[in-house]
Each structure stands twice: as C-alpha cells, then as structure tokens.
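Spelled out from the first residue to the last, the chains are:
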Amino acid sequence: MPATPRSRSQARTTRPWILSGMDFADTRRKPNFTGKIAVAAALTVMCIIVLKQSPGFSGTSLFSRHEIGVTHVLVTGGAGYIGSHATLRLLKDNYRVTIVDNLSRGNMGAVRVLQWLFPQPGRLQFIYADLGDAKAVNKIFSENAFDAVMHFAAVAYVGESTMEPLRYYHNITSNTLTVLEAMAAHNVNTLIYSSTCATYGEPDTMPIVETTPQNPINPYGKAKKMAEDIILDFTKSKKSNMAVMILRYFNVIGSDPEGRLGEAPRPELREHGRISGACFAAALGIVPGLKVHGTDYRTADGTCIRDYIDVTDLVDAHVKALDKAQPGKVGIYNVGTGQGRSVKEFVEACKKATGASIEVSYFTRRPGDYAEVYSDPSKIHRELNWTAQYTDLGQSLSQAWKWQKAHPNGYGSA
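These remarks concern the structure in this document. (Residues numbered from 1 in each chain as written. Predicted model: local features only at pLDDT ≥ 70, side-chain atom pairs only at ≥ 80, totals over all residues. Heavy atoms only, no water.)

### Some details on the overall build of the chain
Along the backbone of the chain there are 14 helices and 13 strands. Residues classed as buried in the chain amount to 51% of the 414 residues present. As presented, the chain carries roughly 19,600 Å² of accessible surface, and 52% of it is formed by carbon and sulfur atoms. (Helix = DSSP H or I, 4+ residues; strand = E, 2+ residues; numbered from the N terminus. Buried < 20%, exposed > 50% of the residue type's maximum accessible area, 1.4 Å probe, protein only. Areas by Shrake-Rupley, 256 points an atom, 1.4 Å probe, with all protein chains shown as cover.)

### Some words on empty space enclosed by the protein
By the definition in use, this model includes three cavities of 30 Å³ or more. Looking at the largest cavity, its volume works out to about 70 Å³. I253, D307, Y308, T337, Q339, R341, Y390, T391, D392, L393 and S396 together form the lining of the largest cavity. In terms of residue class, the lining of the largest cavity is made up of four nonpolar, four polar and three charged. Here the second largest cavity is characterised by a volume of approximately 50 Å³. If you go around the second largest cavity, the residues you meet are Y81, I253, G254, S255, G262, E263, S276, F280, A400, W403 and Q404. (1 Å grid on protein atoms, 1.4 Å probe; cavity = no way out; pocket = protein on both sides within 12 Å on 5 of 7 lines; lining within 4 Å. Points joined across faces, edges and corners; volume = space filled by probe spheres on them. Nonpolar A, V, L, I, M, F, W, Y, C, P; charged D, E, K, R; others polar.)

### What about helix α10 (residues 275-283)?
When you tally the buried positions in α10, you get eight out of nine residues, the bulk of the element. Buried within α10 are the following residues: S276, G277, A278, C279, F280, A281, A282 and A283. Those residues of α10 that are buried lie in contact with β7 (251-253), β8 (290-293), α12 (343-354) and α14 (393-406). Note on α10: the residue one or two positions beyond its end, G285, has a positive phi of about 80°. (Contact = heavy atoms within 4.5 Å.)

### Thoughts on the state of the cysteines
Across all of its chains, the model carries one disulfide by this definition. Between C279 and C350 runs a disulfide, and the two sulfur atoms are separated by 1.9 Å. Taking the sign of the torsion about the S-S bond as the criterion, the disulfide between C279 and C350, at about -120°, is left-handed. On the criterion of sequence distance, the pair formed by C279 in helix α10 and C350 in helix α12 is long-range, its members being 71 residues apart. Summarising the burial analysis for this pair, C279 and C350 share the class buried. (Disulfide = S-S within 2.5 Å.)

### What to know about the environment of E258
If you trace the backbone, E258 turns up in the loop between β7 and α10. Relative accessible area serves as the criterion here: at 57%, E258 is assigned to the exposed category. Along the sequence, E258 and W403 sit 145 residues apart, while their C-alpha atoms lie 9.4 Å from each other.

### So, the pattern of salt bridges
For the structure on display, the rule yields 17 salt bridges. The salt bridge partner of E67 is R96, with a shortest N-O separation of 2.9 Å. Linking E67 in the loop between α3 (33-53) and β1 (72-76) with R96 in strand β2 (residues 96-101), this pair joins segments that are 29 residues apart in sequence. Look at E67 and you get partly exposed, because its relative accessible area is 29%. Between R89 and D316 there is a salt bridge whose closest N-O contact spans 3.0 Å. In this pair, R89 sits in helix α4 (residues 81-92) while D316 sits in helix α11 (residues 311-324), placing the two residues 227 residues apart along the sequence. Ionic contacts of the salt-bridge type, sharing partners, join the residues R89, D93, D316 and K320 into one network. (Salt bridge = Lys/Arg side-chain N within 4 Å of Asp/Glu carboxyl O.)

### Some points on the sheet that holds β1
The strand order across the open sheet formed by seven strands is β3-β2-β1-β4-β5-β6-β11, and the pairing between neighbours is parallel. Only two strands of the sheet have a single neighbouring strand rather than two, namely β3 (124-128) and β11 (330-335). Here the strands of the sheet are splayed against their neighbours by 15° on average, with no regard to which way each runs. Bridge analysis of strand β5 (residues 190-196) against strand β6 (residues 243-249) gives seven bridges, and the strand direction is parallel. Counterpart to Y193 in the pairing with β6 is I246. The strands touched by α11 are β1, β4 (148-151), β5, β6 and β11; relative to β6, the strand with the most contacts, the crossing angle is about 160°. (Pairing = 2+ DSSP bridges. Axes fitted to C-alpha atoms, helices over the stretch in contact; angles between N-to-C directions.)

This is the structure we're talking about:
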C-alpha cells in the first residue's frame, strides 16, 4: 500500500516509545523523573507539530479532500492491463489516483509497480473492492473526494461472454449502473467510459464511424451497449450536468515503452484472451501452439480483420478525453488506427517479433466473432487532437515481447 499521512492517533503512539528511553535499571540513581517526563512530553509535542507542518500530514487522508490544482481520478479496474497503463499515465501527468479493483482479472503486481514508482503521500491508493457491492462502492465515494471516474473494470472476452452471458450483464451493465448511481449521489460529474467496438456488431460497411448503427452480436458487446444507453439516458435527465466521454476502442496490444508494465492474463483465461497473449504464451512454450479460430470469413485470406491499437495510444486518448470533458456534454469516439490487419498477418508479425517458431492450428469459427472491423478515427482527431502514434504492428509486438520475456510468469516473476 502507498504511504499515507499519519493520523493523530498514530502520532500519539510514539509517546510510549519516547518515554521508554528513560533508564530505570540503576536503582542507585535518584533521577529527576518529573524533569525527564517534561522533556519527553516536550519532544513529543514538537514531533506532532513537525508532522502537522509536513505536506502529507492531516487528521484526514489527502484522498478525502479536494485540493486546488489537483485532480483526483478514480480508476476502476486499475490493476488490469489497460487500467494500470492508464494509471501510470495519469500519475506521470500529476493526477491523484485511487484504484478500485477486485483482482479477479487484475494483478496486484501491477499495483505494486505503480506504488514503487509513485510512493509520495497523496499520489496513489489502492482499494480492494467489488463494484457489484453497492454498499462498498458508496462507502468508497463517501470517504474519497473524487473529481472524475475512468471506468475500465469489466470482464472483456467475447468467447467467454457467449458461455457466461449472465456474468457479463452483471459485471458490465449492472456494475456500471452502481458506479453511476454513486457518482450522482456524491456529486462526481466527470465520467470517462471504457466501451468497445463490439457494440457495433458486424456493420455492412467499413470503416466504422461513430454514427454506424450499433447491433452487437455477442453478450460482451450487448452488455457494453446497455451500459452506454444507461449513461446516455442519465445525461439527458434534468438531474444531470455530467461531463461524459465514451471511448469505443478496438483490439488493444503493446505495453509500456519503458518496460514497467505489461499484459499478464491469468493462465486459465488464455484461451479466451487477446491473440497477442496467446501468441506470446506459445512463443514462451507455456502452451504448445497458437489456435486461430475461423478461416472461412469473407476476407482476403479467410481470417478475421481487426484494428490493433497500442495501449500507449489508447491511454493517451483517455487523458485527452478527460482534459476535454465539459459539463452537460457527451462525447463519443472511436479509438483505433484506421487500419485493418488480418489474423494471419498478425500471427506472422508476432512470429517475427518473438523470433520463435510457433505452431499454428486452425479451427472453426468462435461463437460471437465477426469478420471485419476497423475504425475511422477522424472524429477523435478533429475534436480531441488525438492520432495513434504507435501504428507499426511489429514494433508494438516487439515492445510487448520484451516485457513478456522478462516476466514469463507475469508480475510474479518481477
């Protein structure tokens, strides 16, 4: 846990320690007990005064009060792959951050890295909690002075969503409602919502623009669209003056360019996870090979086409969205490169990045998948001045591979 300001009660616990410096062992002496007690008391008072004057001391936590010039952001799911990278960027940009995560998909190792990088009081705190617990969520909001929320926390695997749809509706739709209710109750009026291109389903035309009809074809996309609808309906009500940014992003790859963070999916989820994680696991010999689902799509090589966005670019879009968010306004943006790459292209780039001989096996289509999806990022460039910078697929994979090689067991091998 990050360092926190000492409370008054903690300061008082130093008194017995100071008093214990008195020497009672030599009974031949006749010490001036009254004088020594007075000195000890004076020293204790001086320590308390010094602590009170120090930047981090307060009777209450720095996280529980608003400060001029300091923006306090709640990052839900901040121990996860994307959330941890977003937290890193926010901290680098001098935001105050509270992470809330139940660690069902996140990694405490990522939080420890962030705590080590930013140990100063009032910079970062981690709270273990489940967003499905409305009472716990309200307690967190009542005890912390948030200025904005970046809501990443969600289960996010298309294949898994087709097998556990109810879990996805609870985790994504219901939990977003809980967060929104807590924001409304505690007057937190800025929301950056992590959505997905899966809400579009399989459009008739490419590239996808923000006005493309949303017709999701899997529970993951449907749950995200429901959450979007709840947010949008609330912003239309008279009780709301909320600043909302909804970011619909595409397939995320890459890792922190300085090698501090990476993607570390749980072993049991590799089959459902991102293709980059599956490719790296095969390259490391953790799994015997790479499984590719679907070779009969109506694409040039028969495999799915996706828009791969580097995580560093993605978090940059979130920070720009936070900076541009305006009360009473809603912004909806696609976050992608505008380039579609086939799964076969991706596999070849991954082989080159890792230098490994990866055995690839081809299987039938996975339920809920779609043939082709890539973005038109014109709107986010025009309105937020955002453009993807890390568009070299091989370079992004090479950077991610460096972290994977150094952390073959995820954060457990740090």
